[in-house]
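Analysis of the macromolecular model
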Amino acid sequence: MPHFVPRVFSGMQPTGNLHLGNYLGAMLNWIAMQETHECIYCVVDMHAITVWQEPAELRKAIIDVTAAYLACGLDPKKSIIFNQSQVAEHAELAWILSCVARLGWLNRMTQFKEKAGKDKEAASVGLYIYPNLMAADILAYHATHVPVGEDQKQHLELARDIAIKFNNDYASAIDDGIFFPPPEPFITGPATRVMSLRDGTKKMSKSDPSDLSRLNLTDDADTIARKIRKAKTDPEALPSEAAGLKGRPEAENLVGIFAAFKGDSVDKILAQYGGGQFSSFKNDLADLAVAKLGPIGDETKRLRADPAYVESVLKDGSERARTIAAPIVRKAREIVGFIVS
Ligand code: TRP
């Protein structure tokens, strides 16, 4: 079996503001992985247009998400940071993979069913084959590790199935047995699931109509403090250990957020706050959130005001991304029997 360098690939869509769930659930892992792996972080603009986007808003959203990546601590000196559409190999490989994936596999994708809603006939074809493009994103770099949230696990399984089928179908044209390494999902982090501040059973989401449900990475200090003060709780005092949070989703969420910010265990936090009321806990949580998110918000705003710089990061990242993807996709074309001159 050939050796593949460990390589991380992940991406987010440029739609809506990034929020605390993106930060604690994804970004902290992405930042940490920069120290141990070769990392490629993508702004997946081609995925965004699977549902209608106003062009001017999309352009702005690509800058905004990139600014947030940088403000959170993704470092273009350590990682490749780029937008998908500037590397044509994604689209090129997606076509080949669309001829490998089976209709039955895509028919099982639960996210398509959710996003398409009742009127499936009116959904874009792109929304349906979105998982093939996601597979191409990963396989074009021979990425081995893919940090994603729970909701993307099924898409990652599909990417593995596509890689394996490609390797089998074209075995006779592949020298050492494996051309695409099946990527490993990487689902970790202290507070992988950050829930809505208004309903502890729902994920924190940029599409929730209530802005009080989430902490945006660009919220100012007053807004952060107000949202935490208004966060839903229950009438009981805080428990003294993690087991006492069972069946108390709002309390569990707030304590989980606190622990993730502190980098401590939930038990350790509860050893301090157990038996107390939410009000003083919330005051401390608000201070902590402001201390952590405030500088990120300020830096995001500063970078948004300098789109020329942000675009230069994407241009440079796209060129570096292409030097990895181009020879891999070229080889894939050769393997399937195209004439490559
Ligand atoms: N589909 C992912 C999401 O909506 C984003 C994404 C696109 C992605 N391509 C990817 C994530 C490749 C990891 C790897 O969250």
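Residues numbered from 1 in each chain as written. Predicted model: local features only at pLDDT ≥ 70, side-chain atom pairs only at ≥ 80, totals over all residues. Heavy atoms only, no water.

Overview of the overall build of the protein chain
When you go through the protein chain residue by residue, the secondary structure sums to 13 helices and 5 strands. Relative to the 2.2 N^0.38 estimate, which gives 20 Å for 341 residues, the radius of gyration of the protein chain is 21 Å and therefore close to what a compact globule would have. With the principal axes as the frame, the protein chain shows a C-alpha extent of 70 × 45 × 45 Å. Out of the 341 residues belonging to the protein chain, those deemed buried represent 50%. Contacts spanning at least 24 positions in sequence make up 75% of the contacts within the protein chain whose residues lie at least 6 apart. In the protein chain, 40 side chains carry a positive charge and 43 a negative one; their mean positions are 2 Å apart. (Helix = DSSP H or I, 4+ residues; strand = E, 2+ residues; numbered from the N terminus. Rg over C-alpha atoms; globule rule 2.2 N^0.38 Å. Buried < 20%, exposed > 50% of the residue type's maximum accessible area, 1.4 Å probe, protein only. Contact = heavy atoms within 4.5 Å. Lys, Arg positive; Asp, Glu negative; His and termini not counted. Charge placed at Lys NZ, Arg CZ, Asp CG, Glu CD.)

Brief notes about the pattern of salt bridges
Per the counting criterion, the structure on display carries 19 salt bridges. Taking the shortest distance from any N to any O, the salt bridge between E184 and R160 comes out at 3.5 Å. Of this pair, E184 sits in strand β5 (residues 184–186) while R160 sits in helix α8 (residues 153–169); the two residues are 24 residues apart in sequence, bridging distant segments of the chain. What makes E184 partly exposed here is its relative accessible area of 41%. On the basis of relative accessibility, which here comes to 21%, the residue R160 falls in the partly exposed class. (Salt bridge = Lys/Arg side-chain N within 4 Å of Asp/Glu carboxyl O.)

Side note on the site of the ligand
Near the ligand you find 13 residues, and of these G11, Y130, M134, D137 and Q152 are the closest. Between a nitrogen atom of the ligand and a side-chain N or O atom of Q152, the distance comes to 3.0 Å. Burial of the ligand by the surrounding chains reaches 89%, relative to a free accessible area of 360 Å². Among the elements that make up the shell around the ligand, the one with the highest residue count is helix α7 (residues 125–139) (4 residues). Residues belonging to the shell around the ligand are distributed by class as follows: 7 nonpolar, 5 polar and 1 charged. (Near = heavy atom within 4 Å. Polar contact = N/O pair within 3.5 Å; in protein donor to acceptor, adjacent residues only side chain to side chain. Areas by Shrake-Rupley, 256 points an atom, 1.4 Å probe, with all protein chains shown as cover. Nonpolar A, V, L, I, M, F, W, Y, C, P; charged D, E, K, R; others polar.)

So, the packing of aromatic side chains
Per the stated rule, a full pass over the model turns up 12 aromatic pairs. On the numbers, 5.5 Å between centres and 80 degrees between planes, the contact of W30 with Y69 is edge-to-face. Note that W30 is positioned in helix α1 (residues 20–33) and Y69 in helix α3 (residues 55–72), a separation of 39 residues in sequence. For W30, a relative accessible area of 1% translates into the label buried. The class for Y69 is buried, based on a relative accessible area of 0%. Aromatic pair Y273 and F281: ring centres 5.2 Å apart, planes at 85 degrees, arrangement edge-to-face. (Phe/Tyr/Trp six-rings, centres within 6.5 Å; stacked < 30°, edge-to-face > 60°.)

Topic: the packing of helix α4 (residues 89–98) against helix α13 (residues 307–336)
To describe two helices that pack against each other, one gives the angle between their axes and the distance between the axes. Remark: α4 packs on α13, axes separated minimally by 10 Å, with the N-to-C direction vectors making an angle of 25 degrees. The angle between the axes of α4 and α13 places the two elements in the roughly parallel class. The hand of the α4/α13 crossing is left-handed. The segment α4 lies against α13, with E89, E92, L93 and I96 engaging R322, A325, A326, V329, A332, R333 and V336. (Axes fitted to C-alpha atoms, helices over the stretch in contact; angles between N-to-C directions. Parallel < 35°, antiparallel > 145°, perpendicular 65-115°, else oblique. Left-handed = near helix turned anticlockwise from the far one by under 90°.)

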